[in-house]
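Close look at the chain arrangement
Here is how the chains run, residue by residue.
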Amino acid sequence: MDITLGKLSPYLALSLLTAAMNVSAQDPDAVDLDWRASVGLVSEITNNAGKVHGEDTLSERQDEARLELGGDYSNSLIELGVNYRASERRFDKDSQKDRRRLEGRSELTIGKPYHLGDLYISHTRQSVLNAPDDVDLLANTDEREILTARPSLRWRASAANTFVTSGNYARIDYRFAPERRSERTGATLTWLRRMSPTDNFTFTAQQTEIAFDAAPEVDYDLTTLAVTYAVELRQLSYSLRAGRNRTKPAIGESVSRPTYSADINYTSGPNLWSLSASRFLTDSSGGGGSAGEFDRFNPRDASTARLDQMERIDAEFTWRTQALCQRCSLSAGLFYRADDYQEIDEDRSELGARAGLDYRLAPSTSVRLSWDRRDHSFDEDSDRPDYRLTRTQVSYNHRFISGLNTRVYVRYHQRGSHWADADASRREYTEAVAGFGLTYDLL
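Everything in this summary refers to the structure shown in the same document. From a predicted model like this one, the values you see are computed outputs, not experimental measurements. (Residues numbered from 1 in each chain as written. Predicted model: local features only at pLDDT ≥ 70, side-chain atom pairs only at ≥ 80, totals over all residues. Heavy atoms only, no water.)

Topic: a nonpolar patch on the surface
A contiguous nonpolar patch, built from Trp155, Phe163, Trp191, Met195, Phe201, Phe203, Leu225 and Val227 and spanning about 770 Å² of accessible area, is present on the exposed surface. Contributions of two or more residues to the nonpolar patch are made by strand 8 (182–196), strand 9 (199–212) and strand 10 (220–232). With respect to the secondary-structure elements, Met195 resides in strand 8. (Patch = residues over 30% accessible without salt bridge, like charges linked within 9 Å, V, L, I, M, F, W, Y side chains within 5 Å. Areas by Shrake-Rupley, 256 points an atom, 1.4 Å probe, with all protein chains shown as cover. Salt bridge = Lys/Arg side-chain N within 4 Å of Asp/Glu carboxyl O. Helix = DSSP H or I, 4+ residues; strand = E, 2+ residues; numbered from the N terminus.)

In structure tokens:
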């Protein structure tokens, strides 16, 4: 499997998981044990394998074999969480090249909040589009890998005041585009002021140096000062953060922008509301990082031909309820993303909505109906055309006692806009897909 991007591989995380599983079997101090492993095969038939415009379409069977491995483990010293999927996708009529992928996330923390220090290590690997207006084909994606290490020392000055100093390191690699690689080093000073058992203030000062392997002329330093107020109640929890970002590039003038974030969760009976929003400075190599989740509704990052700093705004609102009936669950969501680049003409925004309905026909059988739509808009100085992508899917799922799971689904895609030029209109398409999946739970 050709997935070696840097000196450290994601297989390190899988090795940690395997070792932790062996230790946990004999660990009487284990607090949380939850291991998951499954193998699966998905086969689907599409009437437009190349997602092309017009009548020159190709019908094709596409198969994907999957191995998923994950787990959560914690004891008096460490916490480990792992979630990875290895897959190989094949195309019956060679509409694209067969490809093997590994996606997911792992996090390891050695040390607890009451210890003098701790070490946090994380690894994420996720697909990104090669360009923000690319058709979403496997051939049009790259794979971004982020390895992070953060050692910390803390001093508890009093019962209400804690000071933490941390070193920060991150290495960002791309599987097919080494010119997008970057490295980040820095330090963070944090003051935590606990106001009561349910709320606290945090002041953070951070300095980071960002270096690009292929373009040292766009290196820059990032300084962040921010204050956070967090509350944890029975039905309501929220965290509000506000501050200032300042970048100092190797060439050019400094840029100073406000930064903020908000995370709010509220539960009332059968309803759950969540709101998250953020504004921050980043660059086209790091983007917003990688969440490490599979099949996310949120927009995934897209690369650009040139490296540049950018300001990103993200916002998402979700709602889930079981108030309609005992057997059903209704969910809905909205999101917004905007990227404002410093130099290149790649400014863009994306507005999306989704809705889903799950209905349990029996304890082991369910039907799901989902719909989502995304509107992509680009700055008038950009050469990229605006477009809209809509997806509708119906799936039938059944779980057997033996650990075998089956899934049958049909999906419809449509991409369109009001483009006038012929080159742009060729990216409009419709696609119908029918698929069948089998998964067997090993753990």
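Digging into the nonpolar core
If you look at the biggest cluster of nonpolar residues, it comprises seven residues: Ile210, Phe212, Ala215, Tyr220, Leu222, Leu281 and Leu307. Listing elements by their share of this core, those giving two or more residues are strand 9 and strand 10. (Core = buried A, V, L, I, M, F, W, Y, C linked by side-chain atoms within 4.5 Å. Buried < 20%, exposed > 50% of the residue type's maximum accessible area, 1.4 Å probe, protein only.)

Quick notes on the state of the cysteines
Cysteine pairs can be covalently joined through their sulfur atoms, and such a bond is termed a disulfide. Under the defined criterion, the tally for this structure stands at one disulfide. Each sulfur in the disulfide pair Cys325 and Cys328 lies 2.0 Å from the other. The class of Cys325 is partly exposed, set by a relative accessible area of 28%. (Disulfide = S-S within 2.5 Å.)

Let's talk about the side chain of Glu311
On the secondary structure map, Glu311 appears in strand 14 (residues 309–321). A polar side-chain atom of Glu311 sits 2.7 Å from a polar atom in the side chain of Arg279. Glu311 has contacts with Arg257, Pro258, Arg279, Phe280, Leu281, Ala338, Asp339 and Asp340, leaving out every residue within four places of it along the chain. (Polar contact = N/O pair within 3.5 Å; in protein donor to acceptor, adjacent residues only side chain to side chain. Contact = heavy atoms within 4.5 Å.)

Details of unusual backbone geometry
Phi at Lys51 takes a positive value of approximately 50 degrees, unusual for a residue other than glycine. On the secondary structure map, Lys51 appears in the loop between strand 1 (32–46) and strand 2 (60–74). Here Asp94, not a glycine, exhibits a phi torsion of approximately 60 degrees, which is positive. Within the secondary structure layout, Asp94 lies in the loop between strand 3 (78–91) and strand 4 (99–110). By relative accessible area, Asp94 is classed as exposed at 61%.

Section: the pattern of salt bridges
Counted according to the given criterion, the structure contains 39 salt bridges. The partner of Asp142 in a salt bridge is Arg180, with the nearest N and O atoms 3.8 Å apart. In this pair, Asp142 is assigned in strand 6 (residues 141–156) and Arg180 in the loop between strand 7 (161–174) and strand 8, connecting sequence segments 38 residues apart. Residues Glu143 and Arg175 are paired through a salt bridge, measuring 2.8 Å at the closest nitrogen-oxygen approach. Pair noted here: Glu143 is in strand 6 and Arg175 is in the loop between strand 7 and strand 8, with a separation of 32 residues, a long-range link. Each member of the pair, Glu143 as well as Arg175, carries the same accessibility label: buried. Ionic contacts of the salt-bridge type, sharing partners, join the residues Glu44, Glu64, Arg66, Arg89, Arg101, Glu103 and Arg411 into one network.

Considering the packing of aromatic side chains
In the structure shown here, the tally under the stated rule is seven aromatic pairs. Plain terms: the ring middles of Trp35 and Tyr73 are 6.1 Å apart, the flat faces sit at 20 degrees to each other, and that makes the pair stacked. One end of the pair, Trp35, is in strand 1; the other, Tyr73, is in strand 2, with 38 residues separating them in the sequence. Note on accessibility: Trp35 and Tyr73 belong to one class, buried. Aromatic pair Phe163 and Trp191: ring centres 6.0 Å apart, planes at 10 degrees, arrangement stacked. Of this pair, Phe163 sits in strand 7 while Trp191 is found in strand 8, placing the two residues 28 residues apart along the sequence. Among the aromatic residues, those joined into a cluster by ring pairs are Trp155, Phe163 and Trp191. We note Arg407 situated over the ring of Tyr409; from NZ or CZ to the ring centre the distance is 4.4 Å. Cation over ring: Arg415 sits above Tyr387, and NZ or CZ is 3.7 Å from the ring centre. (Phe/Tyr/Trp six-rings, centres within 6.5 Å; stacked < 30°, edge-to-face > 60°. Lys NZ or Arg CZ within 6 Å of the ring centre and 35° of its normal.)

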